Amino acid sequence: MSANAKLLDALMGTQRNEVVGASAVKDFTESDNCTHFLAGLCPYELFSSTKLNLGECPKHHSQPMKMMYDQKRKEKDYGYEFELRKFIRDIVQDCDNLIEANVMKLRGETRGGETDALAVQISALQARAEELGEQGKIEEYLEMQKKINELNATRQETISQHIPTADPNQSASQHQKLVVCDMGGSLQRKIAHWLCCG
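All of these numbers come straight from a predicted model, not from anything done at the bench. Every residue gets a number counted from 1 within its own chain, in the order that chain's sequence is written. Two thresholds apply to this predicted model, a pLDDT of at least 70 for residue-level local features and 80 or more for giving and counting side-chain atom pairs, whereas whole-chain, interface and lining totals are computed over all residues. Processing note: side-chain calculations cover all non-hydrogen atoms of the structure and skip hydrogens and water entirely.

## Focus on the overall build of the protein chain
Moving on, step 1. Secondary structure counts use DSSP, requiring at least four H or I residues in a row for a helix and at least two E residues in a row for a strand, with both numbered from the N terminus. Scanning the protein chain from N- to C-terminus turns up 8 helices and 2 strands.
Moving on, step 2. Each helix and strand of the protein chain, placed in order from N terminus to C terminus, yields the pattern α-α-α-α-α-α-α-β-β-α.
Moving on, step 3. Three exposure classes are used, based on accessible area relative to the maximum for each residue type with a 1.4 Å probe and protein chains only: buried under 20%, partly exposed in between, and exposed over 50%. A burial count over the protein chain gives 31% of its 198 residues as buried.
Moving on, step 4. Whether two residues touch is decided by their heavy atoms; if any such pair falls within 4.5 Å, the residues are in contact. Within the protein chain, counting contacts between residues at least 6 apart in sequence, those at least 24 apart form 62% of the total.

## Side note on the state of the cysteines
Note on terminology: disulfide describes a covalent bond linking the sulfur atoms of two cysteines.
Moving on, step 1. The rule for a disulfide is simple: a pair of cysteine sulfur atoms within 2.5 Å. Tallying each qualifying case throughout the model produces 0 disulfides.
Moving on, step 2. Of all cysteine sulfurs in the structure, the one in Cys 57 sits closest to Cys 34, which takes part in no disulfide; the separation is 3.8 Å.

## Some details on the confidence of the model for the protein chain
For any part of a model where pLDDT is low, the fine detail of the predicted coordinates should not be relied upon.
Moving on, step 1. On average, residues of the protein chain score 75 in pLDDT, and 68% of them are at 70 or above.
Moving on, step 2. The quantity called pLDDT is the predictor's confidence in a given residue, expressed from 0 to 100. For the protein chain, the element scoring lowest by mean pLDDT is helix α8 (residues 194-197), at 51; helix α2 (residues 35-39) scores highest, at 89.
Moving on, step 3. For residues 171-175, every residue scores under 50 in pLDDT, and the model assigns this stretch 5 contacts once sequence neighbours within four places are set aside.

## Section: the packing of aromatic side chains
Moving on, step 1. Put simply, two rings from Phe, Tyr or Trp (the six-membered ring, in Trp's case) pair if the centres are within 6.5 Å, and we call them stacked under 30 degrees between planes, edge-to-face over 60, tilted for the rest. Inspection of the entire model under this criterion finds 7 aromatic pairs.
Moving on, step 2. The interplanar angle of 70° and the centroid separation of 5.4 Å between the aromatic rings of Phe 28 and Tyr 69 together place this pair among those described as edge-to-face. Here Tyr 69 lies in helix α4 (residues 63-72) and Phe 28 lies in the loop between α1 (3-12) and α2, a separation of 41 residues in the sequence. Across the pair, Tyr 69 and Phe 28 agree in class, each one buried.
Moving on, step 3. In textbook terms, an aromatic cluster arises when at least three aromatic residues are bridged by ring pairs, as seen for Phe 28, Tyr 69, Tyr 78 and Tyr 80.

## Re the side chain of Asn 152
Moving on, step 1. Structurally, the position occupied by Asn 152 is in helix α7 (residues 138-161).
Moving on, step 2. Not counting residues within four places of it along the chain, the set of residues in contact with Asn 152 comprises Gln 93 and Ile 122.

## Section: the nonpolar core
Moving on, step 1. Counting 10 residues, the largest nonpolar core consists of Phe 82, Leu 118, Ile 122, Leu 125, Ala 129, Leu 132, Tyr 141, Met 144, Ile 148 and Leu 151.
Moving on, step 2. For this core, the elements supplying multiple residues, two or more each, are α6 (113-134) and α7.
Moving on, step 3. Here this core gets 5 residues from one element, more than from any other, and that element is α6.
Moving on, step 4. With sequence-adjacent residues up to four places away left out, Met 144 is seen in contact with Leu 125, Arg 128, Ala 129 and Leu 132.
Moving on, step 5. For our purposes a nonpolar core is just a set of buried Ala, Val, Leu, Ile, Met, Phe, Trp, Tyr and Cys residues, chained together by side-chain atoms within 4.5 Å. Of all hydrophobic cores here, the second largest spans 7 residues; its members include Phe 28, Leu 38, Met 65 and Leu 84.

## Here we look at the environment of Tyr 141
Moving on, step 1. Checked against the element boundaries, Tyr 141 lands in helix α7.
Moving on, step 2. For Tyr 141, a relative accessible area of 8% corresponds to the buried category.
Moving on, step 3. Here the alpha-carbon distance between Tyr 141 and Arg 128, two residues 13 residues apart in the chain, equals 8.4 Å.

## Here's the deal with the side chain of His 61
Moving on, step 1. Tracing the chain through its elements places His 61 in the loop between α3 (43-46) and α4.
Moving on, step 2. Overall, the relative accessible area of 12% leaves His 61 in the buried class.
Moving on, step 3. Here the side chain of His 61 touches Glu 45 through a polar contact of 3.0 Å, side chain to side chain.
Moving on, step 4. When residues no more than four places from it in sequence are discounted, the contact partners of His 61 are Asp 9, Ala 10, Cys 34, Phe 37, Cys 42 and Glu 45. Polar contact is the term for a pair of N or O atoms within 3.5 Å; when the atoms are in protein, one must be able to donate a hydrogen and the other to accept it, and sequence-neighboring residues count only if both atoms are side-chain atoms.

## A word on a nonpolar patch on the surface
Moving on, step 1. Patch criteria: residues need more than 30% relative accessible area and no salt bridge. Like-charged residues are merged within 9 Å; nonpolar side chains of Val, Leu, Ile, Met, Phe, Trp and Tyr are merged within 5 Å. Note on areas: these come from Shrake-Rupley sampling with a 1.4 Å probe, and a residue is covered only by the protein chains present in the view. What makes a salt bridge here is a side-chain nitrogen of Lys or Arg within 4 Å of a carboxyl oxygen of Asp or Glu, nothing more. The grouping of Leu 7, Leu 8, Leu 11 and Met 12 at the surface amounts to a nonpolar patch, some 400 Å² of accessible area in total.
Moving on, step 2. Mapped onto the fold, Leu 11 is located in helix α1.
Moving on, step 3. Accessibility expressed as a relative area gives 55% for Leu 11, which makes it exposed.

Here's what the structure looks like:
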């Protein structure tokens, strides 16, 4: 599909060329609509042109459907915002796992030990938090998220304590060791680290 056709679909809807009254009006709840876009942000668009590129969104983005959703969500909660938060949290967790794996790769070790136990504990808490969110127990959900954030901080601190430091007796070329970007997870030379994510 051409870029112009996609732009027209987003602005005017996919039925822009149909005769008025020829078919039933589409609804935003149909399965071909991107619920993340309706909720305000499609992660497929957010990470385009990055190393975390998810590809092109398989669902349809329509501004008229978003406007319809914005009106209807005042009357009923469709859960699209919760789905979006869950999807983004999974992406962040994948990025954290990539960072941890690259740090362990630099250390010449496989993932394990204390950070592995924390990862299992965090996953269990995330599953429980999702259940609480779906049941509408917001206060318990927020408490659980606070615990998850604390465990993630502990885990990141444990990982960072094991990153090797440069030996002052090494030559300048040996000081150009690889480091892991703490935002994108990529391996890069230490002197070019500031170029990665700014």
